[in-house]
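Working through the structure, step by step
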Amino acid sequence: AIDLSLSRLELSTVYATAALLSAPLITLHPLVLKRISRRLFISLCGGGVIGGILLVAAASGRVTLLLAWTLLLAVGPGMLYPAAESVLLDWWHAKRARVQCGVQAAAALLGMIILPALLAAGVGGGCSGCSVSNLEPCGCWRGAYSALGASLALPVAASKPRPHHGGKLHLPAAAPPP
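Residues numbered from 1 in each chain as written. Predicted model: local features only at pLDDT ≥ 70, side-chain atom pairs only at ≥ 80, totals over all residues. Heavy atoms only, no water.

A separate point is helix H1 (residues 8-26). The end-to-end C-alpha separation of H1 is 27 Å, in line with the 27 Å expected for 19 residues at 1.5 Å each. Buried within H1 are the following residues: Val14, Ala18 and Ser22. Projected onto a plane normal to the axis of H1, the buried residues spread over an arc of 60 degrees and lie on a single side. Along H1, exposed side chains directed more than 90 degrees from the buried face belong to Arg8, Leu9 and Leu20. Packing partners of the buried residues in H1 comprise helix H4 (62-91). (Helix = DSSP H or I, 4+ residues; strand = E, 2+ residues; numbered from the N terminus. Expected span 1.5 Å × (residues − 1). Buried < 20%, exposed > 50% of the residue type's maximum accessible area, 1.4 Å probe, protein only. Arc of directions from axis to C-beta. Contact = heavy atoms within 4.5 Å.)

Take a look at the structure:
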């Protein structure tokens, strides 16, 4: 974002706006699952995450960065994680707490440690003439986001949709009051 000439405040404002814009989109998750299978939905959300990552890499200003972050927030943590979690909850209904903990731990590990580390390695390893630690302007982060988006395409493509089996949303039953 340094080469976009945005201050930290401007960058934070764009991100906060993206979070506000993506919040209402997240509520569409149950409605969409009534019309398509979860497997197809997960594949589409995975494609949306890849598209968002590639949009971040191609961002040329506030508007494209806003669109990219809105897409990433809406289809990533807003829809993809809950949809994947609901699939696992159906498979292992009796082990719900373990599955939920595992999904959340894996999502946190992937989103907060692995992907940022891959991006940092991509920026730091492929850059010549700039210093990431000193925040000097460079465009190396674009290549890192492009490579990450491209590398995620194969796993998302491998999760191709299978025949639709009703596509009903099965939410876990509420716990009885104490």
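Now, onward.
Moving on: the packing of aromatic side chains. One pass over the structure, following the stated rule, counts 1 aromatic pair. Taking 5.2 Å as the distance between ring centres and 75 degrees as the angle between the ring planes, the aromatic pair formed by Tyr15 and Trp69 counts as edge-to-face. Note that Tyr15 is positioned in helix H1 and Trp69 in helix H4, a separation of 54 residues in sequence. With relative accessibility at 40%, the residue Tyr15 sits in the partly exposed group. Note on Trp69: relative accessible area 17%, which makes it buried. (Phe/Tyr/Trp six-rings, centres within 6.5 Å; stacked < 30°, edge-to-face > 60°.)

What follows covers the nonpolar core. Within soluble globular proteins, side chains that are nonpolar generally end up buried alongside one another. Residues Phe41, Cys45, Val49, Leu65, Trp69 and Leu72 are the most contacted members of the largest nonpolar core, which totals 24 residues. Elements supplying a minimum of two residues to this core: H1, helix H3 (38-58), H4, helix H5 (96-126) and helix H6 (140-158). The leading source of residues in this core is H4, at 9 residues. Every residue in contact with Leu72, bar those within four places of it in the chain, is listed here: Val49, Gly52, Ile53, Val56 and Pro77. (Core = buried A, V, L, I, M, F, W, Y, C linked by side-chain atoms within 4.5 Å.)

Here the focus is the pattern of salt bridges. Evaluation of the coordinates by the stated rule reveals 1 salt bridge. With a closest N to O distance of 2.6 Å, Arg62 and Glu10 form a salt bridge. Here Glu10 lies in helix H1 and Arg62 lies in helix H4, a separation of 52 residues in the sequence. (Salt bridge = Lys/Arg side-chain N within 4 Å of Asp/Glu carboxyl O.)

Another aspect to go through is the confidence of the model for the protein. Predicted coordinates in areas of low pLDDT are best not read in detail. Per-residue pLDDT for the protein has a mean of 76; in total, 74% of the residues score no lower than 70. The weakest mean pLDDT in the protein belongs to H5 at 75; the strongest belongs to H1 at 89. (pLDDT = per-residue confidence, 0-100.)

Let's shift gears to the packing of H1 against H4. Two elements in contact, H1 and H4, have axes whose closest approach is 8 Å; the angle formed by their N-to-C orientations is 45 degrees. By the angle class used here, H1 and H4 are oblique. By crossing handedness, the relation of H1 to H4 is classed as right-handed. Taking contact as the criterion, the partners of Glu10, Leu11, Val14, Tyr15, Thr17, Ala18, Ala19, Leu21, Ser22, Leu25 and Ile26 in H1 are, on H4, Arg62, Leu65, Leu66, Trp69, Thr70, Leu73, Ala74, Gly78 and Met79. Tallied by class, residues from the contact of H1 with H4 come to 14 nonpolar, 4 polar and 2 charged. (Axes fitted to C-alpha atoms, helices over the stretch in contact; angles between N-to-C directions. Parallel < 35°, antiparallel > 145°, perpendicular 65-115°, else oblique. Left-handed = near helix turned anticlockwise from the far one by under 90°. Nonpolar A, V, L, I, M, F, W, Y, C, P; charged D, E, K, R; others polar.)

Turning our attention to the environment of Gly46. For Gly46, the position within the fold is in helix H3. Separated by 107 residues in the primary sequence, Gly46 and Ala153 place their C-alpha atoms 8.3 Å from one another.

Glancing now at the packing of H3 against H4. With their axes 8 Å apart at the nearest point, H3 and H4 run at an angle of 150 degrees to one another. One finds that H3 runs roughly antiparallel with respect to H4. Remark: the crossing between H3 and H4 carries left-handed chirality. Residues belonging to the contact of H3 with H4 are distributed by class as follows: 18 nonpolar, 6 polar and 3 charged.

Tracing the sequence through the fold places Ala144 in helix H6. Accessibility expressed as a relative area gives 8% for Ala144, which makes it buried. As a C-alpha pair, Ala144 and Ile53 span 91 residues in sequence and 9.9 Å in three-dimensional space.

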